[in-house]
Every structure is written in C-alpha cells, then in structure tokens.
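# Fold and contact review
Listed below, chain by chain, are the residues.
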Amino acid sequence: MRARSGLPLTLALSAAAVVGYASGIELRAFQIRRVDVPVLPMGARPFTILHLSDVHLTPNQHDKQRWIRELALLRPDLVVNTGDNLGHAAAVPAMMHALEPLLRLPGVFVWGSNDYFGPQPKNPVRYLLPHQGKRGSGPPLPWRDLRTGMISAGWRDATHARFRLRVRDLDIEVAGVDDPHLQQDRYPLVAGPVDPAADLTLGVTHSPEPRVLDAFAADGFRLLLAGHTHGGQLRVPGYGALVTNCGLDVGRARGLSRWGPGGDPAWLHVSAGLGTSPYAPIRFACPPEASLLTLLPRTAPG
Ligand SMILES: [Fe+2]
C-alpha cells in the first residue's frame, strides 16, 4: 500500500522525537534553581536553603544519586526535603547514599504520598487531567527506614511537628504537616501564631494545598516550602504548566510567589522536584531541579 501523505509520517516522527527527548534527555537534565527571598530581619547575613523534593528514586538511578551528592558542594546552611523520596521498595539505601553528604548539614523534612506508598501503573494521560482529590495508593514503602536514617543523622521530621532550630546565627521556627495530597494534614496539631522573636518562620508541606498555605500564612509563617507539583511535569513552552495535581493554581506550579492577604504576604516556593513516577517517566519543558534559596534581609521592616 502506498503512503497517502508524508505529513502523518512527519508528525509521527516529530512526536516520537519529542517523547524520546522528554523521556530520555530531559529526565536527566538536572538543574539548580537559584532564588533570592527577602525574608530575613533587616541587617541579617544571607542564609541559604537547599530545597529538595520529589526525588522518586529507584536503585538504578545512579546519575541522579551522584548529582544529589554533589549538591553538598553548594554548602547550604539548611536542607529542606519536601518528600516523595522513593520510587521503589528497595530505594532506601540508594536514597541514603544520595543524601549522605547533605546529612552532615542541618535538615528538615516532611513526607509525601510517594514515601508511604509505591507507584502504580497508570495511564500517563491521567497526569494531565484535573485534580480529583484523594488518589489510590500502591504497596507500602519502607519510609520508616528512611526516617530512621535521616533522624539518626540529625535531620528533624516536621510532620505534624513544631520546633525551633538554631542554625548558624538564625533562630528558626519550623512547622510542618503530613501530606495534604493524601488528606493526612491536621493543621490544628501545629497551629498558633508564630513567635515574633524568631528570625525566620518556615512552614513545610509536601503538597501545596491552598488550605494548608492559608493556615500557615494566617499564623504568620513567612516562608512556605512545598513540592508535589513536579512543576506541571509537562509544560507548554511559552505558556507553562497545565496542571498542578493539587488545588494550587498553575501559575505557581514551580518557583517563588507570594501567598496570603495583605500588603506583605508570605513567600511560597514550590520545587518542581527531581523525578517522576517510574510509570510516567517523562518531563517536558520542565527539567528536574533542586533549588538553592538565598534568604536576604527584608528591604522594609516586617
Ligand atoms: Fe512527586
């Protein structure tokens, strides 16, 4: 049979090239997002936070492990890990290996759904559908082993916890919730106005659900860190994300924005993360990332 036109073949080849790039090259194009956030007291020295999220690690992802280890060369003052570390039931040793240089630094973490439950096969198209609330869950993952490793190294679990950290010369008030994507967030467990004497107030959540961000902002937390969105994962060049996989608007799918009412809202930073589900191994116009936040003094009294 004769080909009817060269156009369908051209389109098919173009689509195949895009999919090949998105699943083969971009997945490994790890990048560092550098962001300045004027959130410290006036006169404070700059303070750096390495924001890690959504690693979704499998044991055979050696290049990703190497890249994460090298992040320690950035010498951040604090590491914040907003969850979804695991993409495989046997990934805890690999994740501990990847984190090992960073575990020598102060750290804080919360959990995501992909720490508690393993990935499940699903139609990748579902990722582009509107958020449908609580999702199904795969087999349990050994997140407790990862927790033991991180806690043993000195990192603090902020899941439904509120505590103070003294890092360098900063007094930091931290609060976190369990994963809102699984509807496991219980904000009243950590609720209450921030201490105005703290130099930095940090709210941490895996999924940036507006109800949680609103609660942190209402209590006066000034810097909110989250992951989960994968930056939209498949972005349209010149347009941006199509979905966030949660209640957050697509304009905030990754990067820095302001959150809350009033003339001086909180700062929200959403990490596009470093991975994907093993069953949706594709990113487009949204390279995997870790973020280096440089906190700077406010330019006006806060
Ligand atoms: Fe994730």
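We now turn to the structure provided with this report. Counting restarts for each chain: residues are numbered from 1 in the order of the written sequence. Residues qualify for local features only when their pLDDT is at least 70, as the model is predicted, and side-chain atom pairs are given and counted only at 80 or more; totals for whole chains, interfaces and linings, by contrast, use all residues. To get the side-chain values, all heavy atoms of the structure are used, and hydrogens and water are removed first.

### Focus: the coordination of the iron ion
Counted only if it meets this: Each metal site lists N, O and S donors within 2.8 Å (3.2 Å for Na, K and Ca). With water left out of the atoms, a site can look as if it is missing ligands. Under the classification used here, a metal with four donors is tetrahedral if each angle lies between 85 and 135 degrees, square planar if opposite donors are over 155 degrees apart and the others between 65 and 115, a six-donor metal meeting that same test is octahedral, and anything else is irregular.
Distances from the iron ion to its protein donors, Asp54 (OD), His56 (NE2), Asp84 (OD) and His230 (NE2), fall at 2.0 to 2.3 Å. One way to put it: the four donor atoms around the iron ion meet at angles of 90 to 169°, and that makes the site irregular.

### Structural notes on the packing of helix α2 (residues 62-70) against helix α3 (residues 92-99)
Cut-off, in case you're wondering: Between N-to-C directions, angles cover 0 to 180 degrees, with each direction set by a line fitted to C-alpha atoms, over the stretch in contact for helices. Labels follow the DSSP assignment, with helices taken as runs of H or I lasting at least four residues and strands as runs of E lasting at least two, numbered in each case from the N terminus. When checking whether two residues touch, look at their non-hydrogen atoms; a contact exists if any pair is within 4.5 Å. Residues are grouped as follows: Ala, Val, Leu, Ile, Met, Phe, Trp, Tyr, Cys and Pro are nonpolar; Asp, Glu, Lys and Arg are charged; every other residue, Gly included, is polar.
Packing of α2 against α3 brings their axes to within 7 Å, and their N-to-C directions diverge by 35°. Across the interface between the two elements, Gln65, Ile68 and Arg69 from α2 touch Ala94, His97, Ala98 and Leu99 from α3. Here the contact of α2 with α3 is composed, by residue class, of four nonpolar, two polar and one charged.

### Brief notes about the sheet that holds strand β9 (residues 223-226)
In any sheet, the strands associate via hydrogen bonds between backbone groups, in a parallel or an antiparallel arrangement. Just so we agree on the cut-off: Here the rule is simple: two strands pair whenever DSSP picks up at least two bridges between them.
Sheet architecture is open: six strands sit in the order β6-β7-β8-β9-β13-β12, paired in mixed fashion. The open sheet terminates on both sides in strands that have one partner only, identified here as β6 (161-167) and β12 (255-259). Pairs of neighbouring strands in the sheet enclose a mean axial angle of 25°, with direction left out of account. Two strands pair when backbone bridges link them, and β6 and strand β7 (residues 170-176) are joined in this way by seven bridges, in the antiparallel orientation. Each bridged residue has a counterpart across the sheet, and for leucine 165 the counterpart in β7 is isoleucine 172. Against the sheet, helix α6 (residues 210-218) touches β7, β8 (200-204), β9, β12 and β13 (266-270), its axis set at about 65° to β12.

### Comments concerning the packing of aromatic side chains
Definition in use: Aromatic pairs are defined between Phe, Tyr and Trp rings, using the six-membered ring for Trp, whenever the two ring centres lie within 6.5 Å; interplanar angles under 30 degrees are classed as stacked, those over 60 as edge-to-face, and all others as tilted. Note on exposure labels: buried denotes an accessible area under 20% of the residue type's maximum, exposed denotes more than 50%, and partly exposed covers the range between, all computed with a 1.4 Å probe on protein chains only. Criterion for a charge above a ring: Arg CZ or Lys NZ at most 6 Å from the ring centre, at most 35 degrees from the ring normal.
Using the criterion set out here, one finds seven aromatic pairs in the structure. Measuring from centroid to centroid gives 5.2 Å for tyrosine 187 and phenylalanine 216, while their planes differ by 85°, and the two rings are edge-to-face. With tyrosine 187 in the loop between β7 and β8 and phenylalanine 216 in helix α6, this pair connects stretches of sequence that are 29 residues apart. On the basis of an interplanar angle of 75° and a centroid distance of 5.4 Å, the ring pair of phenylalanine 216 and phenylalanine 221 is categorised as edge-to-face. Judged on exposure class, the residue phenylalanine 216 and its partner phenylalanine 221 are both buried. Above the ring of phenylalanine 163, the side-chain terminus of arginine 156 is found at 4.0 Å from the ring centroid. One Lys or Arg, arginine 258, reaches over the ring of tryptophan 267 and ends 3.7 Å from the middle of that ring.

### Here we look at unusual backbone geometry
As a rule of thumb, non-glycine residues mostly have phi less than zero, and peptide bonds are mostly trans rather than cis. Of note, histidine 230 is a non-glycine position whose phi angle comes to about 55°, a positive value. For histidine 230, a relative accessible area of 6% translates into the label buried. One non-glycine residue with positive phi stands out, namely glutamine 233, at about 70°.

### Let's talk about the sheet that holds strand β1 (residues 31-40)
Taken together, the six strands give an open sheet; going across it, the order is β1-β14-β2-β3-β4-β5, and neighbouring strands pair in mixed fashion. If you trace the sheet from one side to the other, it starts and ends with β1 and β5 (156-157), each paired once. Where β1 lies against strand β14 (residues 289-297), nine bridges are found, and the strand directions are parallel. Counted as the bridge partner of valine 35 is leucine 293 from β14.

### Quick notes on the nonpolar core
Heads up, the rule is: Within this scheme, the nonpolar core is defined by two criteria: the residues are buried Ala, Val, Leu, Ile, Met, Phe, Trp, Tyr or Cys, and they are joined through side-chain atoms within 4.5 Å.
Core analysis: the biggest nonpolar cluster contains 30 residues, and Leu52, Ile68, Leu99, Leu102, Met150, Trp155 and Leu274 have the highest contact counts within it. Among the elements of the structure, β2 (47-52), α2, α3 and α5 (143-153) are those that each provide at least two residues to this core. By size, the runner-up hydrophobic cluster in this structure holds 27 residues, among which are Val35, Leu78, Ala161 and Leu225.

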